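# Summary of the model geometry
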Amino acid sequence: MPQQPPVRSSPARPARPDASMSLITNVMDHSLDDGYAEAAARKKADGTGGMPKTLRAKLGLAAGLVLAALVVTVGAAQARVAAPVVAKEREELIDRIDRESEAADKLEHSVDELRDDVSARQREALEQSGGGSEPQQLAGVLSGAVEVHGPGVKLVVDDAEDAGGGADGEARGTSGFSDTGRVRDRDMQRVVNGLWASGAEAIAINGQRLTALSAIRAAGDAILVDNKPLVPPYTVLAVGDGERLGARFQDSPDGMYLHVLQENYGIRTGISVEEELRIPAAPSVIVRTARPYLENTEETQENQETEKTGKGTS
C-alpha cells in the first residue's frame, strides 16, 4: 500500500502589531462621516462655503450694528428735540396748578368772611327781636354757633418721635393704625370727652370747633374731625376756668389715660393754662329756639271771658 506523502504545515504568520487598533485607525483615517464630507464638497463646489461665508457673516453683523447705532442716534435726536417741549408743558402745568390753588385759597377766604358776616347778622337779628337774652347767648355758645374767647387750657398731643412701637414692644390693639406710637382717633375722643367732663365750655382741635354733632373718626392713618383731616401735632383748645379745668382733667381717668400713653408708647403731650383763648364758630351751625305762638292772643282771651260770663248767667 503506497504511503501518503506527509502534509507539510506552513508556519503561522505573526500578527501585525496594529491589528488590534484597526477600529481606532479607521476612525482616524475617516474622521468625517461620508454624508458630511459630501455636503462639504458640494458647498465648496457651489462657492457657498469657506471664507466667503465668514466674510458674509461679518458684513451682516457690521450692517446690524450700523443700523442699531442709527436707530439710537435718531431716538436721541428726537428726545433732544422734544425735551424743550416737554419742559415747557410741565412748566405750564405747574403754573396752572399754582393759579388754581391761589384761586381756591381766595374762595375759601371769601367763604370764611361771608360766614362771619352771616353769624354777625344772625346775632344782630336775635338782639333786635328780643332773642339776645342770656339763655339765647348761652345756647349759641354751647352749640358752637358763635365765637368764644376767654381763659382755658391748651393741650398739645403729638405722635412719638419713633412711632414704631411702645417701650415694652406691645401693640395697642387694632384700629387701623400700623404704628402703636401714633395718636389714634379714639385717643382724641377720650381727650375731648375728658375735657367736656372737666368743665370745658367750648373745644376746638386744630381750629375745628366741636359741637354736639361733631365726630372724630379715622381714615387710614389720618384723624378726621367732621370729615376734615388733621395733621399732627393736635392742638386742643378748651375755654373754661383754666386752673380748675386743667387740674380736673389731669386727675380724671382720661387724663391718666393720656399719661399712660406718654409713659408706655412715647406719645408726646403738653398742657398749659392760658389767660386768653379764641375759638372760632362752627361753620353752618344755626341756633333756632322755640317760642310760644302769640298771634290772636287777645281774641282768645276775650272768647274765654265770654264763655265764663255765659256760664255764670245761665
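Before reading on, note that the structure itself is shown above.
The shown structure was predicted, so the numbers you read here are calculated from the model rather than taken from an experiment.

This part takes up the overall build of the protein chain. A count of helical and extended segments in the protein chain gives 8 helices and 8 strands. The buried share of the protein chain, taken over its 314 residues, is 21%. Of the contacts made within the protein chain by residues no fewer than 6 positions apart, 76% connect residues no fewer than 24 positions apart. Surface accessibility of the protein chain: about 23300 Å² in total, with carbon and sulfur atoms responsible for 56%.

Okay, the packing of aromatic side chains next. On inspection of all chains with the given rule, the structure shows 0 aromatic pairs. Positioned above the aromatic ring of tyrosine 257 is the side chain of arginine 190, whose terminal nitrogen or guanidinium carbon lies 4.2 Å from the ring centre.

On inspection of all chains with the given rule, the structure shows 4 salt bridges. Between aspartate 158 and arginine 268 there is a salt bridge, with the nearest N and O atoms lying 3.2 Å from each other. With aspartate 158 in strand S1 (residues 148-158) and arginine 268 in strand S8 (residues 268-279), the pair connects residues that are 110 residues apart, well separated along the chain. Of the charged contacts in the structure, one is a salt bridge between aspartate 159 and arginine 182, with a shortest N-O distance of 3.8 Å. In this pair, aspartate 159 sits in the loop between S1 and helix H5 (185-197) while arginine 182 sits in the loop between S1 and H5, placing the two residues 23 residues apart along the sequence. Given the relative accessible area of 10%, aspartate 159 is considered buried.

Taking strand neighbours across the sheet as the criterion, the 3 strands line up as S4-S5-S6 in an open arrangement whose pairing is antiparallel. This sheet does not close on itself; its edge strands, each paired only once, are strand S4 (216-219) and strand S6 (228-230). Taking the axes of each pair of neighbouring strands and ignoring which way they run, one obtains an average angle of 40 degrees across the sheet. Relative to S6, strand S5 (residues 222-225) is paired through 3 bridges, and the arrangement is antiparallel. For isoleucine 223, the partnering residue across the bridge sits in S6 and is leucine 230. Each of S4 and S5 touches H5; the most contacted strand, S4, lies at about 170 degrees to it.

Our next topic: helix H6 (residues 242-251). When H6 is considered as a whole, its buried residues turn out to be Gly242, Leu245, Gly246 and Phe249. Across the axial projection of H6, the buried residues extend over an arc of 95 degrees, all falling on one side. More than 90 degrees from the buried face of H6, the exposed residues found are Glu243, Arg244 and Asp251. In the core, the buried residues of H6 are packed alongside S1, H5, strand S7 (234-239), helix H7 (253-265) and S8.

Let us now look at the side chain of arginine 209. Looking at the secondary structure, you find arginine 209 in strand S3 (residues 208-209). On the basis of relative accessible area, arginine 209 is assigned to the buried category, the value being 4%. At a separation of 3.0 Å, a polar atom in the side chain of arginine 209 contacts the main-chain carbonyl oxygen of proline 280.

Let us now look at the packing of H5 against H6. At a closest axis distance of 9 Å, the pairing of H5 and H6 adopts a crossing angle of 130 degrees. Classified by the angle between their axes, H5 and H6 sit oblique to one another. For the crossing formed where H5 meets H6, the hand is right-handed. Residues Val191, Gly194, Leu195 and Ala197 of H5 lie in contact with H6, whose contacting residues are Leu245, Arg248 and Phe249. Broken down by class, the residue content of the contact of H5 with H6 amounts to 5 nonpolar, 1 polar and 1 charged.

This part is about the layout of surface pockets. The calculated volume of the largest pocket comes to roughly 420 Å³. What lines the largest pocket is a set of 16 residues, and nearest its centre among them are Asp112, Arg115, Asp116, Pro280 and Ala281. Secondary structure elements with two or more residues in the lining of the largest pocket: helix H3 (51-128) and S3. With 7 residues, the top contributor of residues to the lining of the largest pocket is H3. Grouping the amino acids of the lining of the largest pocket by side-chain chemistry returns 5 nonpolar, 3 polar and 8 charged.

Cut-off values and rules
Residues numbered from 1 in each chain as written. Predicted model: local features only at pLDDT ≥ 70, side-chain atom pairs only at ≥ 80, totals over all residues. Heavy atoms only, no water. Helix = DSSP H or I, 4+ residues; strand = E, 2+ residues; numbered from the N terminus. Buried < 20%, exposed > 50% of the residue type's maximum accessible area, 1.4 Å probe, protein only. Contact = heavy atoms within 4.5 Å. Areas by Shrake-Rupley, 256 points an atom, 1.4 Å probe, with all protein chains shown as cover. Phe/Tyr/Trp six-rings, centres within 6.5 Å; stacked < 30°, edge-to-face > 60°. Lys NZ or Arg CZ within 6 Å of the ring centre and 35° of its normal. Salt bridge = Lys/Arg side-chain N within 4 Å of Asp/Glu carboxyl O. Pairing = 2+ DSSP bridges. Axes fitted to C-alpha atoms, helices over the stretch in contact; angles between N-to-C directions. Arc of directions from axis to C-beta. Polar contact = N/O pair within 3.5 Å; in protein donor to acceptor, adjacent residues only side chain to side chain. Parallel < 35°, antiparallel > 145°, perpendicular 65-115°, else oblique. Left-handed = near helix turned anticlockwise from the far one by under 90°. Nonpolar A, V, L, I, M, F, W, Y, C, P; charged D, E, K, R; others polar. 1 Å grid on protein atoms, 1.4 Å probe; cavity = no way out; pocket = protein on both sides within 12 Å on 5 of 7 lines; lining within 4 Å. Points joined across faces, edges and corners; volume = space filled by probe spheres on them.

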